[in-house]
Structure formats: structure tokens, C-alpha cells
Amino acid sequence: MTKKILTASAILAAAGLASAMCWTGAMSTESGDYFVNTELDNGTNTSGYWYNYGDDADGGQSTVTWPTDLGNEYSEDALDPVIDQCGGVCGDFSLNAGTITYDPFIGIGFNVAGTETETGGEAQPADVTSWGGICITYTSSSKATLELGLGDTRDGEIGYDNPFVSLPAQDSPAQVCKDWAMFKQAGWGKGKVTGPEAAAALASVKFKIQAKDGTSGSFNIVGVSSNDGAPCDGGSAIPQVRAASAVKAVLAGRMLSFSGIKSVASAEVMNLQGQVVAKGDVSSTAALDLTYIDAGVYMVRVAGKSVDFSQKIIVK
């Protein structure tokens with residue numbers, strides 16, 4: 001017998017709190033959630049988080065200089081402070097070929113369904129055909145590409161000739177939308193993959209700047225969304241239920257406190273199977289003691305007068 005397990009994010013989506021894929025840096029800064037809610041997390045809660053990559057694995061020496069120090073309480077590489085600073089993922093890049101024989105590059109991406117486990121592994125594929133394509137709002141001093149990652153194994157099988165579309169350089173933020181059919185391979189790889197085929201098994205979305213050795217400049221990714229005609233309100237789908245609320249959950253050790261609550265509200269902490277593991281009445285001065293729950297990823301839901309929001313936390 002197959003037992004179906006619903007993750008907390010799936011429960012929230014089923015409750016009507018999720019919408020089409022939509023993210024903007026400005027809304028992430030307001031809500032405190034810095035990930036792209038793809039609605040396709042595989043249960044590891046690792047989807048949608050922005051990361052950077054480059055040519056260093058092959059001997060390149062390209063770099064990105066960030067406007068502020070990286071890191072949060074969970075990861076020293078988290079781009080949250082950058083998003084707060086720029087209202088998007090921004091930085092200054094310098095391309096240096098080092099010992100590689102092709103044009104150097106830097107890139108920014110996020111995983112669609114997440115990695116194999118909560119602690120990492122290969123990015124896993126998901127069918128995003130219904131997105132219709134991708135819209136991206138950005139600035140870049142150099143031409144860029146939007147590339148469809150299929151996971152390390154499949155990328156290697158096609159010789160890393162992933163379907164992509166070209167993006168023009170632009171000085172001020174502007175949205176560019178591309179249908180899946182517009183994504184094409186360069187043609188030098190080992191196998192054929194069309195844009196729609198890649199969309200049916202998409203592991204990651206990547207914004208990439210690749211140019212001649214010595215090229216430098218800047219970029220800022222301020223928004224990304226599906227190209228399905230659905231309105232994009234800004235942030236990840238889960239926090240949209242907060243509306244104008246300034247409520248925020250803050251975890252200090254094993255004590256979960258809340259800022260911005262004007263009156264007593266009811267709080268629940270759910271594990272990835274949707275089970276309530278802690279609950280109680282909270283306020284700006286009353287916290288929840290999480291001493292007796294296991295370390296892991298949880299969803300916090302708070303409801304009360306003028307308060308209705310959800311937030312992910314990681315208990316260590």
C-alpha cells in the first residue's frame with residue numbers, strides 16, 4: 001500500500017494560500033522570506049533558495065563582489081542580506097578565465113523542487129510545463145542568458161548544452177518573458193533537448209553572465225515569475241496571507257517569539273508531515289518553548305485578530 005505524505009508546504013497550497021510562481025526582492029525584504037515559492041518542493045524544503053555558482057570548478061577565477069556580507073543564522077552563504085540591500089540579488093562581477101579555454105562566467109540560480117535531502121545532493125526535477133515559460137526582471141551591464149538546468153546527471157549526459165534564451169543588457173529594471181519553445185540548445189552538446197522537454201523535467205533556473213576574459217560589470221535580479229498570464233503580486237506565495245501585517249517569528253535557540261502582534265493570537269508549529277508538534281497562545285511578550293521537539297524544518301502558523309500568517313523555521 002502506498003502511503004501519501006503531505007508536506008506542510010503542500011498543505012498550505014491545498015488550503016488556497018499558494019498561487020503561480022512569483023517572486024520579487026522587494027516583497028521578500030518586507031516578508032522576511034527570501035525563497036522563490038515554486039509550489040513544487042519535494043519535501044526537503046530546499047527549493048527556491050537563491051545561490052551563486054561560477055567557473056571555478058574548471059579552473060576559472062571569476063568572482064562576484066556582493067554589496068554586503070553574506071549569511072544568516074542557518075547558512076554562511078545565504079543571500080538574504082544582499083536581497084535586503086538591493087531589493088534583489090545584486091552584485092559586481094569580474095570574469096577571469098584562469099586556466100579554462102572557454103569564456104568565463106558567473107551565475108545565479110534556484111532549484112525548482114529542491115535537492116535530494118535537506119542537507120544537499122543533486123537538484124531534483126519537476127514538471128513546470130504549466131508555467132508556460134519564465135519572466136525575469138533584472139538589470140545587467142552585460143548580455144546574459146536564462147538557462148534551464150536538468151540536474152547534474154542529465155546536464156552531464158547532454159554535455160552541458162542546456163536549453164537557454166539570450167537576455168539583453170539593460171540599465172534599468174525591465175521584465176523579459178520567454179515561452180518554453182524559445183529555449184534552445186547551442187548545438188554543440190551530446191544530446192537533443194527542447195525547451196518544452198526541459199520544462200517537463202526542470203531542476204533549476206539559472207541567470208548566467210558569460211563573456212570575454214576581463215569583462216566586468218554589475219547585475220540585479222529583482223523579480224522572477226511564471227509566464228502563464230497569472231498576476232504577480234510580488235513575494236513568495238505563502239507569506240501573501242500576511243497582507244500588511246508586520247508580524248514576524250523569531251527563533252532564538254529553542255524559544256520562538258513574535259514581533260508585531262498587537263493582541264494575543266494562536267500559534268501552531270507543524271512538521272513536514274503536517275502534524276502539529278507545538279501550539280499555544282502568543283503575543284509580543286509571550287513565546288513558545290520548542291525545547292522538546294526534534295531538530296528539523298517546521299512551518300509556523302499564527303491566527304488571531306488582524307493576524308494570519310505562516311513562516312518556515314529551522315530548529316537546530
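Quick note: structure is the one above.
Residues numbered from 1 in each chain as written. Predicted model: local features only at pLDDT ≥ 70, side-chain atom pairs only at ≥ 80, totals over all residues. Heavy atoms only, no water.

Visitor: With reference to specific residues and values, describe the packing of aromatic side chains.
Guide: Here the structure, examined in full by the defined rule, presents 10 aromatic pairs. Between the aromatic rings of Trp23 and Trp50, the centroid separation amounts to 5.0 Å while the plane-to-plane angle is 55°, which identifies the pairing as tilted. One end of the pair, Trp23, is in strand 1 (residues 22–24); the other, Trp50, is in the loop between helix 2 (25–31) and strand 2 (51–54), with 27 residues separating them in the sequence. Take Trp23: its relative accessible area is 0%, and that puts it in the buried class. Accessibility expressed as a relative area gives 9% for Trp50, which makes it buried. (Phe/Tyr/Trp six-rings, centres within 6.5 Å; stacked < 30°, edge-to-face > 60°. Helix = DSSP H or I, 4+ residues; strand = E, 2+ residues; numbered from the N terminus. Buried < 20%, exposed > 50% of the residue type's maximum accessible area, 1.4 Å probe, protein only.)

Visitor: Explain the sheet that holds strand 9 (residues 144–149) to me, and be specific about the residues and the numbers.
Guide: The sheet built from 5 strands is open, its strands ordered 2-5-12-9-10 with antiparallel pairing. Each of the sheet's edge strands pairs with one partner strand only, and the pair in question is strand 2 and strand 10 (164–167). Within this sheet the neighbouring strands show an average axis-to-axis angle of 25°, counted without direction. Where strand 2 and strand 5 (residues 105–111) come together, 4 bridges link them in antiparallel fashion. Opposite Tyr51, over in strand 5, you have Gly109 as the bridge partner. (Pairing = 2+ DSSP bridges. Axes fitted to C-alpha atoms, helices over the stretch in contact; angles between N-to-C directions.)

Visitor: Could you give an account of the sheet that holds strand 18 (residues 288–289), naming the residues involved and the relevant values?
Guide: Across the sheet, which stays open at both edges, the 3 strands sit in the order 14-15-18 with antiparallel pairing between neighbours. With partners counted over all chains shown, the strands left at the sheet margins are strand 14 (248–252) and strand 18, one partner each. Examined bridge by bridge, strand 14 and strand 15 (residues 255–259) share 5 bridges and lie antiparallel to one another. Across the sheet, Leu251 pairs through a bridge with Leu256, a residue of strand 15.

Visitor: Can you tell me about unusual backbone geometry, naming the residues and giving the values?
Guide: Positioned with a positive phi, Glu39 is a non-glycine residue whose angle comes to about 65°. Relative to the assigned elements, Glu39 resides in the loop between helix 2 and strand 2. Given the relative accessible area of 38%, Glu39 is considered partly exposed. Phi is positive for Asn45, close to 55°, though the residue is something other than glycine. Tracing the backbone shows Asn45 in the loop between helix 2 and strand 2.

Visitor: Quick rundown of the pattern of salt bridges? Include the residues and the values.
Guide: Taken as a whole, this structure holds 3 salt bridges when the rule is applied. Among the ionic pairs, Arg154 bridges to Glu157, the shortest N-O distance being 3.2 Å. Taken together, the residues Arg154 and Glu157, both in helix 4 (residues 152–157) and 3 residues apart, mark about one turn of the helix. (Salt bridge = Lys/Arg side-chain N within 4 Å of Asp/Glu carboxyl O.)

Visitor: How would you sum up the nonpolar core? Please name residues and give values.
Guide: Grouped together as the largest cluster of nonpolar side chains are 46 residues, with contacts concentrated most on Trp50, Val89, Trp180, Phe207 and Phe219. Those residues in contact with Phe219, other than ones at most four positions away along the chain, are Val64, Trp66, Val89, Cys90, Gly91, Phe93, Ile106, Ile108, Thr139, Ser140, Phe207 and Ile209. Formed by 19 residues, the second largest nonpolar core is a distinct cluster that contains Ala267, Ala278, Ile313 and Val315. (Core = buried A, V, L, I, M, F, W, Y, C linked by side-chain atoms within 4.5 Å. Contact = heavy atoms within 4.5 Å.)

Visitor: Tell me about the side chain of Asp55, and name the residues and values.
Guide: With respect to the helices and strands, Asp55 occurs in the loop between strand 2 and strand 3 (63–65). Here the side chain of Asp55 touches Gln61 through a polar contact of 3.5 Å, landing on its backbone nitrogen. Leaving out residues up to four positions away in the same chain, Asp55 has contacts with Gly60, Gln61, Ser62, Asn96, Ile100, Tyr102, Pro104 and Phe105. (Polar contact = N/O pair within 3.5 Å; in protein donor to acceptor, adjacent residues only side chain to side chain.)

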